[in-house]
Amino acid sequence: MYPAQFDYRRAGSVDEALGLLQENEDAKLMAGGHSLIPMMKLRLAQPPVVIDIGRLDELRGISEAGGSVRVGSLTTHADIAASDVLAAHCPVLAEAAGHIGDAQVRNRGTIGGNIAHADPGSDIPPVLVLLGASVHLQSPSGTRSVAAGDFFQDLLMTDVGEDEILTHVDVPALGAGTGSAYLKFEHPASGYAVVGAAASVTVQDGRCTAAGLVVGGVGAVPTAVDVSSLVGTDLSDDAIAAAASGLDTEDPIGDIFASGDYRVHVGKVYGKRALAAARDRA
Amino acid sequence: MAGVLGTSIKRREDPALITGRGKYTDDLQAADMAHAAIVRSPYAHARIRGIDTSAAEALPGVLAVLTARDVAAAGIPGVVPVGWLLPDLKTPAHPMIAADTVRHVGDAVAVVVAEDRYLARDAAERVAVDYEPLDAVADVVAALEDGAPAVHEDALGNVAFDWEIGDRESVDAAFASAANTVELDLRNNRLIPHAIEPRAVLASYDSSTGEMTIHMTSQNPHVHRLLMTLASLGMPEHKVRIVAPEVGGGFGSKIHHYADEAIVGLCSMKLDRPVKWTATRTETNLTDAHGRDHSTHCALALDAEGRITGLRVDTAAAMGAYLSTFAPAVPTYLYGTLMSGQYDIPAIHCHVTGVFTHTAPVDAYRGAGRPEATYVVERLMHLAGEATGLGPVEVRKRNFVPADAFPYQTQVALAYDSGNYGPAMDRALEMIGYDDLRTEQASRRDNGGKQIGIGFSSYIEACGLAPSAVVGSLGAQAGQWESADVRVHPTASVTVYTGSSSHGQGHETTFSQIVADKLGIAPEAVEVIHGDTDLVQFGMGTYGSRSAAVGGSAIVKSVEKIIEKGKKIAAHLLEASAEDLEYVDGSFRVAGSPDRALALGDVALQAYLAHNYPDDLEPGLSATSFYDPANFTYPFGTHVCVVEVDTETGSIDLLRYAAVDDVGNVINPMIVDGQLHGGLAQGIGQALWENAVYDDSGQLVSGSLMDYAVPKIHNLIPFELDRTTTPCPHNPLGVKGVGEAGAIASPAAVVNAVVDALAPFGISHIDMPLTPEKVWRAVNG
């Protein structure tokens with residue numbers, strides 16, 4: 001548990017951090033450090049330079065404007081879980097953040113670090129995909145945004161370029177009549193999600209007008225389930241179960257605790273339960 | 001002081017520990033201290049073609065890189081010995097540093113010493129070892145198959161020993177005439193101990209005196225000194241001091257003598273400097289002796305009334321790559337001898353094959369053989385309840401050794417000195433509300449959805465391995481007594497030097513309670529010293545739930561000697577006859593004349609002044625005792641677990657856990673409860689989560705806490721505890737032992753509960769750990 005030799009640089013601004021990224025090949029950005037440092041201690045990651053962006057207050061905070069909630073990349077899981085703004089507009093994101101690790105992890109870990117690391121068992125990615133969030137990136141050549149559904153590319157791989165910093169995510173607020181839920185099947189060793197199901201349904205006059213389900217932990221990236229069959233129904237248990245059973249992934253991940261087949265099965269069960277919980281909250 | 005024994009005095013150890021002021025081995029700093037990093041095999045089995053240390057040695061700040069060649073050049077014994085010899089046991093050499101062959105992932109091949117620990121790690125990565133990988137076998141059953149890769153050339157078929165106890169013919173006869181039989185193939189899963197504090201050592205050799213002080217994570221410093229000097233370093237025993245500072249848990253893993261501590265000692269001798277090594281968590285998982293790892297076929301024969309007539313057990317027990325300190329005793333004399341459980345079984349036969357595998361060694365881990373035995377017996381009793389239609393309660397009650405049958409001679413050597421099993425079962429049923437639970441279970445079975453199950457475990461434990469002559473005849477290379485030196489100071493405060501060695505158990509608190517009670521003084525007036533071979537007389541240490549029963553009894557013996565001597569001094573001062581004196585509430589007084597009395601302090605002061613003193617008496621007021629018990633002690637109890645099973649996912653929720661334990665007289669109820677809580681957590685952990693998994697090539701795939709699940713507080717529920725009290729008849733305190741009871745009883749209770757919940761699905765067994773996927777697959781055929 002001793003990392004290899006590395007240099008440490010602390011950035012005072014986003015621009016300085018971008019400059020340090022340019023100057024140092026293979027450098028790694030560190031926010032809360034909760035993914036990077038364990039990898040370094042196991043020597044699975046041996047970056048020559050660590051650029052600490054953890055004190056860039058400009059990247060921290062939660063605010064709502066124009067039907068969308070902006071969450072700065074350095075916002076901690078604890079702040080997200082406790083956010084009144086998110087509770088009002090995107091409660092499922094706060095719910096998922098409250099499932100991450102323990103209180104100490106939530107006090108240090110950040111949403112930007114979490115999604116940039118892109119662990120398949122992470123709680124945040126399926127929620128961002130469900131909500132249609134956009135991820136905002138900045139480089140010396142400007143800024144760009146990418147849809148959460150396109151951001152996660154593969155196991156531990158994202159769309160973040162080598163010269164880019166993840167600055168914030170924009171999360172569309174849930175509309176009236178919408179219920180949402182995140183249900184987690186926790187790994188007894190790591191505390192990560194074996195399966196994490198994020199669901200939302202919108203109900204008007206007793207009928208479903210929109211529904212979504214995204215399941216984490218089953219595939220390398222969050223798996224969206226086509227639950228459009230629910231639209232127009234009264235969201236009966238049978239209709240929900242049928243919709244959730246559409247979960248499919250070509251190459252499910254597995255470990256000694258839970259095989260790929262089993263994860264797909266639990267994904268269907270938890271998808272069903274998350275949809276039912278969302279219905280009950282709508 | 002009256003009322004001290006049996007009182008939940010707060011642990012005096014805790015203020016320092018919970019405020020972070022406890023000094024553990026890794027907290028210690030020595031002037032001029034260097035740091036070691038051990039280079040370990042990444043292969044489960046390989047030949048070492050060569051080792052190139054030059055790149056490591058070239059790093060500035062690297063002080064030495066040692067290999068097996070340096071061990072040989074040092075002219076020391078250089079091996080790690082086994083401390084329990086069975087008949088025909090194969091004892092292949094276990095070199096401190098592997099010379100030509102590595103036999104498990106983590107086997108030491110070299111050590112780097114550098115000025116700081118980071119540099120040592122960096123340099124260790126530069127040691128280039130040329131391995132020729134060989135076929136490996138990690139599974140205990142696969143290792144016995146024809147053509148399995150051999151772990152040691154001189155252990156044919158990977159068999160370390162072939163052992164049996166009981167009478168095979170009478171068991172065969174019982175099965176031939178049985179009205180009912182049940183049988184089971186089971187695995188007892190391999191566990192990694194996971195003490196929170198990893199193993200660590202700070203060895204300080206001083207060539208000017210030829211002395212070495214070793215601070216290390218030890219449950220038994222004198223035993224470690226003996227093995228370290230005799231077998232590994234070849235130093236004279238009196239030139240080595242071993243100190244166990246605060247030790248952060250052991251569960252058995254810090255009983256054993258490991259190569260690593262000896263390697264660090266050698267480094268210090270070579271460099272003439274203090275050298276420290278602290279295992280990383282990864283190293284801990286790869287090299288701490290693991291626990292359990294059995295494959296067992298077992299069967300029970302019953303007559304038409306549901307009385308057991310015979311028990312047959314055949315077990316393959318993994319030993320790992322080398323025989324660890326007490327490894328051969330664990331699946332034999334601590335396992336086969338427990339097979340009678342709480343039951344009157346007229347015929348028992350247990351056969352055990354000890355098996356070498358290309359894995360970390362297996363040795364004593366909390367319970368050590370007794371959890372494995374309890375699991376066999378109590379799983380079979382559950383099946384017997386089903387097969388006979390008697391159910392889990394009645395089949396047990398019908399077979400309990402009757403209360404009037406003690407002392408009870410089992411068919412597997414042990415003679416139970418005392419017991420009364422019915423009341424513990426009855427109390428457990430009452431606590432859990434058994435009849436209501438069965439009603440709820442029936443209604444859930446009718447309605448579908450999540451199912452509940454109720455599981456029992458009526459266990460017997462054998463603590464305080466004894467007496468020495470008997471365990472010696474069974475192969476132990478150590479005595480099993482304990483020592484105590486009790487010194488009354490001139491001002492009547494007391495220091496106790498105990499051969500037990502606390503590593504979390506609270507000896508300082510409980511032992512002070514014993515002395516306070518016997519001497520009629522305040523517990524605060526008693527200091528307890530342990531864990532230092534220079535301060536304390538030879539002692540055996542703390543393991544096997546022995547410290548209260550054996551170590552505590554040694555203290556009582558010393559206190560009794562002190563009172564006897566005190567009576568002679570007081571008689572002289574009071575001009576009375578010693579025979580007429582009694583010792584009451586801290587005073588020596590003439591029986592029948594309570595105003596003719598002297599306080600302990602008056603007598604103690606005179607013992608050291610010796611101004612007005614009996615002619616034939618030596619000055620001083622202290623006494624040393626070596627207490628060798630007449631027998632084991634036999635705690636017992638009944639545990640009941642209630643679970644809820646989500647049959648859709650296979651997830652298990654604990655709903656209730658009631659434990660009624662009989663550990664004899666209780667010195668400190670809070671500490672006893674704490675021991676039970678910890679033991680239950682570990683036993684439930686074994687049943688539901690913990691599993692050391694090697695793949696077919698011998699890689700430990702559960703090598704980190706990301707994959708190996710130790711129980712966390714949010715996984716558990718409040719435990720419901722109660723006790724019955726059947727004092728041990730053969731030790732002066734009437735105590736039995738409690739450190740392992742929770743871990744012994746609980747795996748069977750949990751598994752029986754889950755299997756009970758799933759009975760409608762035709763499920764009679766699932767191997768531990770009961771992961772949701774396994775349960776789900778069982779439910780879904």
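Residues numbered from 1 in each chain as written. Chains lettered and ligands numbered in written order. Predicted model: local features only at pLDDT ≥ 70, side-chain atom pairs only at ≥ 80, totals over all residues. Heavy atoms only, no water.

**Concerning the interface of chain A and chain B**
The condition is simple: Contacts are assigned to residue pairs that have any heavy atoms within 4.5 Å of one another. Put simply, buried area is the surface a 1.4 Å probe can reach on two separate parts but cannot reach once they are joined, added for both. Any Lys or Arg side-chain nitrogen located within 4 Å of an Asp or Glu carboxyl oxygen qualifies as a salt bridge. Distance and chemistry together define a polar contact, namely a pair of N or O atoms within 3.5 Å, with one atom able to donate a hydrogen and the other to accept it when in protein, and with adjacent residues in sequence counting only for side-chain atoms on both sides. Put simply, DSSP marks the helices as runs of H or I at least four residues long and the strands as runs of E at least two long, and each gets a number from the N terminus on.
With 27 residues of chain A at the interface, the matching set in chain B holds 30 residues. Both faces combined, the contact of chain A with chain B buries some 2,300 Å², and carbon together with sulfur accounts for 56% of it. In this structure, the connection of chain A to chain B is made through five salt bridges. Notably, a salt bridge pairs Glu648(B) with Arg273(A), separated by 2.9 Å at the nearest N-O pair. Along the contact surface separating chain A from chain B lie 14 residue pairs in polar contact (both at pLDDT 80 or more). Of all the secondary-structure elements, those providing two or more residues to the side of chain A that touches chain B are β11 (178-186) and α11 (260-281) of chain A. With seven residues, the single largest contributor to the side of chain A that touches chain B is α11(A).

**Let's talk about the domain arrangement of chain B**
All names here are of chain B. Threshold: Domains are outlined according to an automatic or database domain assignment. Polarity classes work like this: nonpolar for Ala, Val, Leu, Ile, Met, Phe, Trp, Tyr, Cys and Pro, charged for Asp, Glu, Lys and Arg, and polar for all others, with Gly in that last group.
Assigned domains within chain B: domain 1 (14-134 + 196-249 + 254-287), domain 2 (294-465 + 631-779) and domain 3 (481-627). Using C-alpha coordinates to define each centre, domain 1 is positioned 39 Å away from domain 3. At the interface, 16 residues of domain 1 touch 15 residues of domain 3. By the criterion of area lost to domain 3, the three top residues of domain 1 are Gln219, His222 and Arg241, representing 45% of everything that side buries. Where domain 1 packs against domain 3, one counts two salt bridges. A salt bridge links arginine 241 to aspartate 534; its shortest N-O distance comes to 3.8 Å. Where domain 1 meets domain 3, there are nine residue pairs in polar contact (both at pLDDT 80 or more). Among the secondary structure elements, those contributing two or more residues to the side of domain 1 that touches domain 3 are α6 (221-233) and β11 (240-243). The class makeup of the residues in the side of domain 1 that touches domain 3 is eight nonpolar, five polar and three charged.

**Notes on helix α7 (residues 259-271) of chain B**
Side chains three or four residues apart in an α-helix point the same way, a direct result of the helix having 3.6 residues per turn. Residue and element names in this part refer to chain B. Put simply, the rule reads: Residue count minus one, scaled by 1.5 Å, sets the expected span of a helix. Type-normalised accessible area, obtained with a 1.4 Å probe on protein chains alone, sets the label of each residue: buried when under 20%, exposed when over 50%, and partly exposed for intermediate values.
In a regular helix each residue adds 1.5 Å, so 13 residues correspond to 18 Å; α7 covers 18 Å between its end C-alpha atoms and thus fits that length. Taking burial as the measure, the 13 residues of α7 include ten buried ones, the bulk of the element. Taken residue by residue, α7 has Ala259, Asp260, Glu261, Ala262, Ile263, Val264, Gly265, Leu266, Cys267 and Ser268 as its buried positions. Just beyond α7, the residue with positive phi is aspartate 272, at close to 55 degrees.

**What to know about the domain arrangement of chain A**
Interfaces are frequently sized by the accessible area removed from exposure as the parts join. All names here are of chain A. The domains assigned to chain A are domain 1 (7-52), domain 2 (60-172) and domain 3 (178-281). The distance between the C-alpha centroids of domain 2 and domain 3 comes to 20 Å. The partner domain 3 presents 22 residues to the 19 residues of domain 2 that form the contact. Summed over both partners, the interface of domain 2 with domain 3 buries about 1,600 Å², with 65% contributed by carbon and sulfur atoms.

**Digging into the sheet that holds strand β18 (residues 451-460) of chain B**
All names here are of chain B. Put simply, the rule is: A pair of strands is considered paired only if DSSP assigns at least 2 bridges between the two. Comment: axis = line fitted to C-alpha atoms, over the contacting stretch for helices; angle = value between 0 and 180 degrees taken between N-to-C directions.
Spatially, the four strands line up as an open sheet ordered β18-β26-β27-β28, and their pairing is mixed. Only two strands of the sheet have a single partner each, and these edge strands are β18 and β28 (720-723). Taken pair by pair, the neighbouring strands of this sheet meet at an average axis angle of 15 degrees, ignoring direction. Pairing of β18 with strand β26 (residues 636-646), which is carried by ten bridges, proceeds in the antiparallel orientation. The residue bridging isoleucine 454 from the neighbouring strand is valine 642, located in β26. Those strands touched by helix α12 (residues 434-447) are β18 and β26, and its axis lies near 140 degrees from that of β18.

**Thoughts on the sheet that holds strand β24 (residues 593-599) of chain B**
Residue and element names in this part refer to chain B. Judged by pairing direction, the sheet is antiparallel, and its three strands sit side by side in the order β22-β23-β24 without closing on themselves. Looking along the sheet, the strands with just one partner apiece sit at the ends: β22 (581-584) and β24. Strand-to-strand, the axes of this sheet are offset by a mean angle of 35 degrees, without reference to chain direction. Against the sheet, helix α16 (residues 600-609) contacts β22, β23 (587-590) and β24, and its axis sits at roughly 50 degrees relative to β24.

**Some details on the packing of helix α14 (residues 507-519) of chain B against helix α15 (residues 547-574) of chain B**
Residue and element names in this part refer to chain B. The cut-off we apply is this: By definition, turning the near helix anticlockwise from the far helix through less than a right angle yields a left-handed crossing, and turning it clockwise yields a right-handed one.
With their axes 10 Å apart at the nearest point, α14 and α15 run at an angle of 35 degrees to one another. Handedness of the crossing formed by α14 with α15: right-handed. Residues His507, Phe511, Ile514, Val515, Lys518 and Leu519 of α14 lie in contact with α15, whose contacting residues are Ser547, Ala548, Gly551, Gly552, Ile555, Val556, Val559 and Ile563. Among the residues forming the contact of α14 with α15, the class breakdown is nine nonpolar, four polar and one charged.

**Here we look at the side chain of Asp170(A)**
Residue and element names in this part refer to chain A. Here aspartate 170 is to be found in strand β10 (residues 165-172). The class for aspartate 170 is buried, based on a relative accessible area of 12%. Within polar-contact distance, the side chain of aspartate 170 engages the side chain of arginine 70 at 3.1 Å. A polar atom in the side chain of aspartate 170 sits 2.9 Å from the side chain of histidine 136. Setting aside chain neighbours within four positions, we find aspartate 170 in contact with Ser68, Val69, Arg70, Ala133, Ser134 and His136.

**As for the pattern of salt bridges**
Scanning all chains against the criterion turns up 55 salt bridges over all chains. Between Asp237(A) and Arg279(A) there is a salt bridge, with its nearest N and O atoms 2.9 Å apart. Here Arg279(A) lies in helix α11 and Asp237(A) lies in helix α10 (residues 237-244), a separation of 42 residues in the sequence. The exposure class of Arg279(A) is partly exposed, given its relative accessible area of 21%. Taken together, the shared-partner salt bridges in this structure form one network comprising Arg40(B), Arg121(B), Arg199(B), Asp260(B), Glu261(B), Glu283(B) and Asp288(B).

**Observations regarding a negative patch on the surface**
Defined as follows: Candidates for patches are residues over 30% relative accessible area with no salt bridge; among them, like charges are joined within 9 Å and nonpolar side chains (Val, Leu, Ile, Met, Phe, Trp, Tyr) within 5 Å. To measure how exposed things are, a 1.4 Å probe is used in the Shrake-Rupley method; for residues, cover is taken only from the protein chains shown. Only four residue types enter the tally: Lys and Arg on the positive side, Asp and Glu on the negative side; His and the chain ends are excluded. Taken as the charge location is NZ of Lys, CZ of Arg, CG of Asp or CD of Glu.
On the surface, Glu25(A), Asp26(A), Glu162(A) and Asp163(A) cluster together into a patch of negative charge. Structurally, Asp163(A) is set in the loop between β9 (157-158) and β10.

**Notes on the nonpolar core**
Residue and element names in this part refer to chain B. As a reminder, the rule being used: As used here, the term nonpolar core means buried Ala, Val, Leu, Ile, Met, Phe, Trp, Tyr and Cys residues forming a set that is joined through side-chain atoms within 4.5 Å.
Membership of the largest hydrophobic core comes to 120 residues, with the highest contact counts inside it found for Trp84, Leu311, Met339, Tyr657, Ile684 and Leu688. Non-local contacts of tyrosine 657, meaning those with residues more than four positions away in its chain, are made with His639, Val640, Cys641, Leu680, Ile684, Ile717, Phe719, Glu720, Ala745, Ser746, Ala749 and Val750. By size, the runner-up hydrophobic cluster in this structure holds 42 residues, among which are Val488, Ala549, Leu581 and Ala623.

**A closer look at the packing of aromatic side chains**
All names here are of chain B. Inclusion rule: Here a Phe, Tyr or Trp ring, Trp counted by its six-membered ring, pairs with any other such ring whose centre lies within 6.5 Å, and the pair is stacked when the planes are under 30 degrees apart, edge-to-face when over 60, and tilted otherwise.
Overall, the coordinates contain 21 aromatic pairs over all chains when judged by the stated rule. With a centroid separation of 5.5 Å and 90 degrees between ring planes, the pair formed by phenylalanine 406 and tyrosine 421 is classed as edge-to-face. Of the two residues, phenylalanine 406 is situated in the loop between α10 (391-399) and β16 (408-409) and tyrosine 421 in helix α11 (residues 421-432); the sequence distance between them amounts to 15 residues. Ring centres of tryptophan 481 and phenylalanine 538 lie 6.1 Å apart, and the angle between their planes is 55 degrees; on these two criteria the pair is classed as tilted. Of this pair, tryptophan 481 sits in the loop between α13 (468-473) and β19 (482-488) while phenylalanine 538 sits in the loop between β21 (526-529) and α15; the two residues are 57 residues apart in sequence, bridging distant segments of the chain.

**Focus: the pairing of strand β2 (residues 46-52) of chain B**
All names here are of chain B. Of the strand pairs in this sheet, β2 and strand β4 (residues 101-102) are connected by two bridges, and their pairing is antiparallel. Within the sheet, the bridge partner assigned to alanine 46 lies in β4 and is valine 102. Taken together, the six bridges between β2 and strand β6 (residues 128-133) define a ladder with antiparallel strand orientation. Bridge pairing links alanine 46 to proline 133 in β6.

**So, the side chain of Ser501(B)**
Mapped onto the elements, Ser501(B) comes out in the loop between β20 (494-498) and α14. Once residues within four sequence positions are removed from consideration, Ser501(B) is found in contact with Ser218(B), Gln219(B), Asn220(B), Pro221(B), Ala244(B), His507(B), His530(B), Gly531(B), Gly541(B) and Thr542(B).

**Considering unusual backbone geometry**
The residue after Phe406(B), namely Pro407(B), is reached through a cis peptide bond having omega 0 degrees. Residue Pro769(B) is bonded to the preceding Met768(B) through a cis peptide linkage, with omega at -10 degrees. Looking at the secondary structure, you find Pro769(B) in the loop between α18 (741-757) and α19 (772-779). One non-glycine residue, Arg43(A), adopts positive backbone phi at about 60 degrees. Here Arg43(A) is to be found in the loop between α2 (36-41) and β3 (49-52).

**Re the state of the cysteines**
Here is the rule we go by: Note on terminology: pairs of cysteine sulfur atoms within 2.5 Å are recorded as disulfides.
Overall, the coordinates contain zero disulfides over all chains when judged by the stated rule. With no disulfide partner, Cys90(A) has as its closest neighbouring cysteine sulfur the one in Cys208(A), 19 Å distant.

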